[in-house]
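Structural features, examined
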Amino acid sequence: MEEFDFIQSIKPAYYRQSSVIKGIGDDAAILRHTNSDIIMTMDTMVENIHFNEKTAAPFYIGYRALAANISDIAAMGGKPVSYLVSVTVPDRWAPQELQEVYKGMKELAHAYQMDLIGGDTVSGDQLSLSITVLGIVDNGKARYRNTAKEHDIIFVTGTLGDSAYGLHLLLNEQAQEGSQYFINRHQMPTPRVSFINQSVPIERMALNDVSDGIANEANEIAASSHKGLLLDYDRIPYHELLAKYSPDNLYQWILSGGEDFELLGTVPLEDWDRLMDYANATGTMLTAIGTVVDDEKYNGKAWLRYQGDLKILDKSGYTHLKR
Ligand SMILES: Nc1ncnc2c1ncn2[C@@H]1O[C@H](COP(=O)(O)OP(=O)(O)O)[C@@H](O)[C@H]1O
Ligand SMILES: Cc1ncc(C[n+]2csc(CCOP(=O)(O)OP(=O)(O)O)c2C)c(N)n1
Ligand SMILES: [Mg+2]
Ligand SMILES: [Mg+2]
Ligand SMILES: [Mg+2]
């Protein structure tokens, strides 16, 4: 199938969002919005960096790549509405496999009422998916990482380390009972959109999604807010099977294991009960794991209370362009 036919084959029959004035089929897409700020994010996933033939069948390559992007929209406090996909396709890929990648994206997109509105198709040596997601948020209501304040509660959604452990199982082909849970968490992460959209009445929240492990993400909030983020190791949530199967590496999995696409955030103490109500209403696990401090000694960094000591929690996780 050549490029034009391929594009025709993935073109949606109709658009779910009335804001799409022009979707696929012109030089660019046009969206109409009046009372909303438009959020735009882009993340790329490349063969052998973000997935390989052991870790993801084509369907999951698409699903995960879109999930990662939607997660960034959630981390801005928004609602995803549409997406564009640039795909680089090696000659060895069968048309059917490429369709599967799009099916993976479509399944997730439909769950969020999102439309595919454009993209680009080129040939190349390795499969690469670059996705741009557009989201909306009420004017002035986006959530930024530089808004943490003293006495805020630090929270995280879900359990941490699941995806990294799932990746480890896939790469080492170590399936055991309960493995499927971790593999699912790696292949089909859940962006926390419904929780975040319920939480709109809360005036202030600093947010970051966990693509690189909370050690990294906590440092990003601390640095941009010029505050200290004090995390309690003993309160960080993890799945009981992770502790059972890999007790020696638990610390690494939960602090540096990336790609959970959970949300790490801070919220004023007085809003905590309300936030927990929103979490319960959306079936989202929510855990308080620390406190924000404003003290010259701590500011700009994340700290970890671990085995009785308070120590600097260094950035960790995956870094591209390391040479
Ligand atoms: N090649 C690039 N060109 C322009 N902006 C970039 C590029 N790479 C990353 N950014 C921007 O840098 C910021 C951090 O990117 P990244 O760490 O990938 O965010 P996230 O982890 O939330 O996906 C974002 O605002 C992103 O849009
Ligand atoms: C085959 C394979 N090896 C390693 C990883 C782990 N990995 C690759 S990139 C990455 C970090 C997150 O990706 P990045 O592109 O930095 O996401 P962003 O922070 O931009 O959202 C991790 C943990 C993987 N998913 N698959
Ligand atoms: Mg990115
Ligand atoms: Mg992010
Ligand atoms: Mg991201």
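Since we're looking at a predicted model, the values are computed, not measured.

**Describing the UniProt feature "binding site: substrate" (unreviewed entry) in the protein chain**
- Under the UniProt annotation, "binding site: substrate" (unreviewed entry) lies at His50, Glu259 and Tyr318. A maximum C-alpha distance of 10.5 Å places the annotated residues, which cover 269 residues in sequence, within one compact spot. As for the largest pocket, its lining draws on His50, Glu259 and Tyr318 from among the annotated residues.
- Positionally, histidine 50 belongs in the loop between strand E3 (36-46) and helix H2 (58-75).
- The exposure class of histidine 50 is buried, given its relative accessible area of 17%.

**Here's the deal with the environment of serine 246**
- The topology assignment puts serine 246 in the loop between helix H8 (240-245) and helix H9 (250-256).
- For the pair serine 246 and tyrosine 165, spaced 81 residues apart in sequence, the C-alpha separation works out to 8.7 Å.
- Excluding residues that lie within four positions of it along the chain, serine 246 makes contacts with Tyr165 and Trp253.

**Some points on the confidence of the model for the protein chain**
- Of the residues in the protein chain, 100% have a pLDDT of 70 or more, and the chain-wide mean is 95.
- The ipTM for the predicted assembly is 0.93, set against a pTM of 0.94.

**Some details on the domain arrangement of the protein chain**
- Entries for the protein chain in the domain assignment read domain 1 (3-138) and domain 2 (145-312).
- In this structure, domain 1 and domain 2 have C-alpha centres spaced 26 Å apart.
- Residue-level contacts link 22 residues of domain 1 with 19 residues of domain 2.
- Of the roughly 1,800 Å² buried between domain 1 and domain 2, counting both surfaces, carbon and sulfur atoms make up 60%.

**Overview of the site of ligand 2**
- Around ligand 2, the structure places 13 residues, and the nearest of them are Asp43, His50, Ser211, Glu259 and His320.
- One of the side-chain N or O atoms of serine 211 is found 2.7 Å from an oxygen atom in ligand 2.
- One nitrogen or oxygen atom from the side chain of glutamate 259 is found 2.8 Å from a nitrogen atom belonging to ligand 2.
- Relative to its unbound accessible area of 600 Å², ligand 2 is 82% covered by the protein chains.

**A word on the coordination of the magnesium ion (ligand 4)**
- Protein-derived ligands of the magnesium ion (ligand 4) are Asp72 (OD) and Asp209 (OD), with the metal-ligand distances lying across 2.0 Å.
- The distance between the magnesium ion (ligand 4) and the magnesium ion (ligand 5) comes to 3.7 Å, with aspartate 72 serving as a donor to both metals. Taken as a pair, aspartate 72 in helix H2 and aspartate 209 in strand E8 (residues 206-209) lie far apart in primary sequence, 137 residues in all. We note that aspartate 72, like aspartate 209, is buried.

What counts, and where the lines are drawn
- Residues numbered from 1 in each chain as written.
- Chains lettered and ligands numbered in written order.
- Predicted model: local features only at pLDDT ≥ 70, side-chain atom pairs only at ≥ 80, totals over all residues.
- Heavy atoms only, no water.
- UniProt positions renumbered as here; feature names shortened; annotations may be inferred.
- 1 Å grid on protein atoms, 1.4 Å probe; cavity = no way out; pocket = protein on both sides within 12 Å on 5 of 7 lines; lining within 4 Å.
- Helix = DSSP H or I, 4+ residues; strand = E, 2+ residues; numbered from the N terminus.
- Buried < 20%, exposed > 50% of the residue type's maximum accessible area, 1.4 Å probe, protein only.
- Contact = heavy atoms within 4.5 Å.
- pLDDT = per-residue confidence, 0-100.
- Domains from an automatic or database assignment.
- Buried area = accessible area lost by both parts, 1.4 Å probe.
- Near = heavy atom within 4 Å.
- Polar contact = N/O pair within 3.5 Å; in protein donor to acceptor, adjacent residues only side chain to side chain.
- Areas by Shrake-Rupley, 256 points an atom, 1.4 Å probe, with all protein chains shown as cover.
- Donors = N, O, S within 2.8 Å, 3.2 Å for Na, K, Ca; no water.

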